[in-house]
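One letter stands for each residue in the lines below.
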Amino acid sequence: MKASAIRTWFNVHKWTSLVCTLFLLMLCVTGLPLIFYEEIDHMLGKEVEATAIQGESRYSKDQVLEAAMRHIPGKEAKYLFWDQKDHPGQMFVTLADSSEAPIEADHYLTMDERTAKVLDAPANEMDFMLIMYYLHVEMLAGIPGKLFLGFMGFLFLIAIVSGVALYGPIMKRFDFGMIRTEKSARLKWLDLHNVLGIVTLAWAFVVGITGVINTLADPALDAWRAGQLAEMVASYKEKPPLEGKLSSLDAALDKARQAAPGMDVSFVAYPGTLYSSKHHYAVYMIGTTPLTSRIIKPALIDAKTGEFTDMRDLPWYLNTIFISQPFHFGDYGGLPMKIIWAIFDIATIIVLISGLYLWFARRKAKAEQLARLLKNSESLTLSAVTENENQI
Amino acid sequence: MPVFLAVITIAGLLLAIMGTGVWHYLSWIALFVPVFVMTRHSIKFFR
């Protein structure tokens, strides 16, 4: 590589890193507890187990939901969610003042499907994990915060690519993984930066790019609502808003299962929420194998008449977001994978801090070099400069 | 070495999504390689 090309890559690496480093540090630090959210919930005694009654539930899903709504009166249902793999027999219910209420005002209930009892209904307040979550996702600044972090993530990706471009020329004459401890502190830090940077490269790139993709969820959802969803419910455009009692939830689930045989129900979005139209239950079906469970297909069921309206594959951009999520969260390979995720995360923190140190150290070294140059240069030059300044 | 590490990391990330059980074990083994390599080399820094 030519010297000029190296210099260009160096500047790209320096500036993209400098701009994003503090935000990336925040993301790495807040992300660390989020990796273990299930384990932390469990430790804090927040996780609940369903009663160990075997057999089919005596209660319909409608009844379970009614019990949830009785627990917090005056609310509307927004979303229902199931997790057959890790929490069988439980139904997760999201309630709010209205279907269009912001996510911050949501109430979450865990219901036992076999007894129609409330297993858990945490108070709607910020706890440590939620603060970590909102800092990580949007810096407590809503969609603009989220998109801003997406841009920082994009800079991080450029920093990774430029770092790799520099790695080759720098390491050309050296062995992989050397740490020069006997020379200057700067070289020692540079070597640490290089070895950790190159080893975490693939992981950091995958987690970085899937993170950036995730920040685009809101605009992607808007695009879907304005595009495919609007098309699917075109005939409902002139219909008055829904009033009164909704059609049966159980019947809607059955309709969706008939439309997508061999698939499981993952979650239900109620009419008026972000994930549905104003007149439909959107029943999101997923495949039953680890691979196909990432492919989500919503069936729209008229929430007044209970009739099946339409079901289509989600557009590619929403599929991309859903498929990218596990690769960001690291929650798809058990506890060992989470520990590996945490180690990579900590290594990335060290890469960021050592990069920052190198920038400071280089500036300091340059300033010292300049001071030496000035000191050694002829006093004539200096006095000439002073004279010039006086004239100005 | 860097190329090998990148390939084995990506393989580890993909293996776990293919299934549970043996897929998870293979994934953990693959991902342990870069973790081991970076621990072994960076330990010199802290000594």
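Remember, it's a predicted structure, so these values are computed and weren't measured experimentally.

A.B. asks: Honestly, the overall build of chain A in this entry has me stumped. Any pointers?
C.D. replies: Within chain A, the secondary structure is distributed over 11 helices and 8 strands. By the compact-globule yardstick of 21 Å for 392 residues, chain A is too spread out, its C-alpha radius of gyration being 28 Å. Reported as C-alpha extents along the three principal axes, the dimensions of chain A are approximately 95 × 50 × 40 Å. Burial status across chain A gives 43% buried among its 392 residues. Sequence separation of at least 24 residues holds for 62% of the intrachain contacts in chain A that already meet a minimum separation of 6.

A.B. asks: How do you make sense of the packing of aromatic side chains when you look at a structure like this?
C.D. replies: Any aromatic ring pair is given by two values, namely how distant the centres are and how the planes are angled relative to each other. Throughout the structure, instances matching the rule amount to 19 aromatic pairs over all chains. Judged by centre distance (5.0 Å) and plane angle (75 degrees), the rings of Phe45(B) and Phe46(B) are edge-to-face. Among the aromatic residues, ring-to-ring pairing joins Trp203(A), Phe327(A), Tyr332(A), Trp341(A) and Phe344(A) into one connected group. Positioned over the ring face of Phe174(A) is Arg180(A), at 4.7 Å from the centre of the ring.

A.B. asks: Mind showing me how you'd approach the pattern of salt bridges here?
C.D. replies: Residue and element names in this part refer to chain A. For the coordinates displayed, the defined rule picks out 13 salt bridges over all chains. For Glu 100, the salt bridge is made with Lys 278, and the minimal N-O distance between the two is 3.8 Å. You can see Glu 100 sitting in the loop between strand 2 (87-96) and strand 3 (107-112) and its partner Lys 278 sitting in the loop between strand 5 (264-269) and strand 6 (280-286), a full 178 residues away along the chain. The pair formed by Glu 100 and Lys 278 is uniform in burial state, with each residue classed as exposed. Each of Glu 38, Glu 39 and Lys 338 takes part in salt bridges that share partners, so that together they form one network.

A.B. asks: What is the right way to read helix 7 (residues 217-232) of chain A from this model?
C.D. replies: Residues separated by three or four positions in an α-helix point in the same direction, a consequence of the helix having 3.6 residues per turn. Residue and element names in this part refer to chain A. The sharpest bend along helix 7 reaches about 40 degrees and sits at Arg 225. Three or more residues of helix 7 are buried, namely Asp 218, Ala 220, Leu 221, Trp 224, Gln 228, Leu 229 and Met 232. Lining the buried residues of helix 7 we find helix 5 (142-171), strand 6, strand 7 (296-302), strand 8 (308-311) and helix 9 (316-329).

A.B. asks: Hey, could you run me through the interface of chain A and chain B in this one?
C.D. replies: Counting residues at the interface gives 32 residues for chain A, matched by 27 residues for chain B. Between chain A and chain B, the buried area comes to about 2,600 Å², and carbon and sulfur atoms account for 85% of it. The interface formed by chain A and chain B includes 0 salt bridges. Applying the counting criterion to the chain A and chain B interface returns 6 residue pairs in polar contact (both at pLDDT 80 or more). For the side of chain A that touches chain B, the secondary-structure elements that each account for two or more residues are helix 6 (185-215), helix 9 and helix 10 (334-376) of chain A. Among the elements that take part in the side of chain A that touches chain B, helix 6 of chain A stands out by supplying 11 residues, more than any other. Residue classes in the side of chain A that touches chain B are distributed as 25 nonpolar, 5 polar and 2 charged.

A.B. asks: I'm lost on empty space enclosed by the protein in this one. Help?
C.D. replies: Here the idea is plain: a probe the size of a water molecule rolls over the atoms and shows the empty space left. All names here are of chain A. Going through the model one piece at a time under the given rule, you end up with 1 cavity of 30 Å³ or more. Of the voids in this model, the largest cavity is the one considered here, and its volume is about 30 Å³. In terms of lining residues, the largest cavity is bounded by Leu 221, Trp 224, Tyr 275, Tyr 284, Leu 314, Leu 318 and Phe 322. Taken together, the elements giving at least two residues each to the lining of the largest cavity come down to helix 7 and helix 9. For the lining of the largest cavity, a count of residues per class yields 7 nonpolar, no polar and no charged.

A.B. asks: Explain the sheet that holds strand 3 of chain A to me, please; I cannot follow it from the model alone.
C.D. replies: Within a beta sheet, neighbouring strands are joined by backbone hydrogen bonds and run either parallel or antiparallel to one another. All names here are of chain A. In spatial order, the strands read 4-3-2-1-5-6-7-8; together these 8 strands make up an open sheet with antiparallel pairing. Every interior strand has two partners, whereas the edge strands, strand 4 (117-120) and strand 8, have only one. The sheet shows a mean angle of 30 degrees between the axes of neighbouring strands, direction not considered. Bridging between strand 6 and strand 7 involves 7 bridges; their strand directions are antiparallel. Across the sheet, the residue bridging to Ile 286 is Ile 296, located in strand 7.

A.B. asks: Quick question: what am I supposed to make of the environment of Met152(A) here?
C.D. replies: All names here are of chain A. Mapped onto the fold, Met 152 is located in helix 5. Each C-alpha atom, one on Met 152 and one on Val 265, is 36 Å from the other, the two residues being 113 residues apart in sequence. In this view, Met 152 contacts Val 19, Cys 20, Phe 23 and Leu 24; residues no more than four positions away in its chain are not counted.

A.B. asks: Help me out: how do you make sense of the layout of surface pockets in this one?
C.D. replies: Residue and element names in this part refer to chain A. Taken as a whole, the second largest pocket encloses approximately 970 Å³ of empty space. Lining the second largest pocket we find 34 residues, and of these His 13, Leu 190, His 193, Asn 194 and Leu 358 sit closest to its centre. Put simply, the parts of the chain that give the lining of the second largest pocket at least two residues each are helix 1 (3-35), helix 5, helix 6 and helix 10. Residue contributions to the lining of the second largest pocket peak at 10 residues, all from helix 6. Per-class residue counts for the lining of the second largest pocket are 21 nonpolar, 10 polar and 3 charged.

A.B. asks: Got a minute to help me understand the environment of Tyr332(A) in this structure?
C.D. replies: Counting through the fold element by element, Tyr332(A) comes out in the loop between helix 9 and helix 10. Along the backbone, Tyr332(A) and Pro290(A) are 42 residues apart, and their C-alpha atoms lie at a distance of 9.2 Å. Not counting residues up to four positions away in its chain, the partners in contact with Tyr332(A) are Arg294(A), Pro326(A), Phe327(A), Met337(A), Trp341(A), Leu13(B), Ala16(B), Ile17(B) and His24(B).

A.B. asks: What's the story with the pairing of strand 3 of chain A in this structure? I'm lost.
C.D. replies: Residues and elements named next belong to chain A. Counting buried positions along strand 3 yields 5 of 6 residues, so the element is predominantly enclosed. The pairing of strand 2 with strand 3 spans 6 bridges and is classified as antiparallel. Across the sheet, residue Met 91 finds its bridge partner in strand 3, namely Met 111. As judged from the 3 bridges shared by strand 3 and strand 4, these two strands associate in the antiparallel manner. Considered in strand 4, the bridge of Thr 110 is made with Asp 120. Between the antiparallel neighbours strand 3 and strand 4 lie 4 residues, among them Ala 116 with a positive phi of about 55 degrees.

Rules behind the numbers
Residues numbered from 1 in each chain as written. Chains lettered and ligands numbered in written order. Predicted model: local features only at pLDDT ≥ 70, side-chain atom pairs only at ≥ 80, totals over all residues. Heavy atoms only, no water. Helix = DSSP H or I, 4+ residues; strand = E, 2+ residues; numbered from the N terminus. Rg over C-alpha atoms; globule rule 2.2 N^0.38 Å. Buried < 20%, exposed > 50% of the residue type's maximum accessible area, 1.4 Å probe, protein only. Contact = heavy atoms within 4.5 Å. Phe/Tyr/Trp six-rings, centres within 6.5 Å; stacked < 30°, edge-to-face > 60°. Lys NZ or Arg CZ within 6 Å of the ring centre and 35° of its normal. Salt bridge = Lys/Arg side-chain N within 4 Å of Asp/Glu carboxyl O. Bend = angle between axes of the 7 residues up to and from the residue. Buried area = accessible area lost by both parts, 1.4 Å probe. Polar contact = N/O pair within 3.5 Å; in protein donor to acceptor, adjacent residues only side chain to side chain. Nonpolar A, V, L, I, M, F, W, Y, C, P; charged D, E, K, R; others polar. 1 Å grid on protein atoms, 1.4 Å probe; cavity = no way out; pocket = protein on both sides within 12 Å on 5 of 7 lines; lining within 4 Å. Points joined across faces, edges and corners; volume = space filled by probe spheres on them. Pairing = 2+ DSSP bridges. Axes fitted to C-alpha atoms, helices over the stretch in contact; angles between N-to-C directions.

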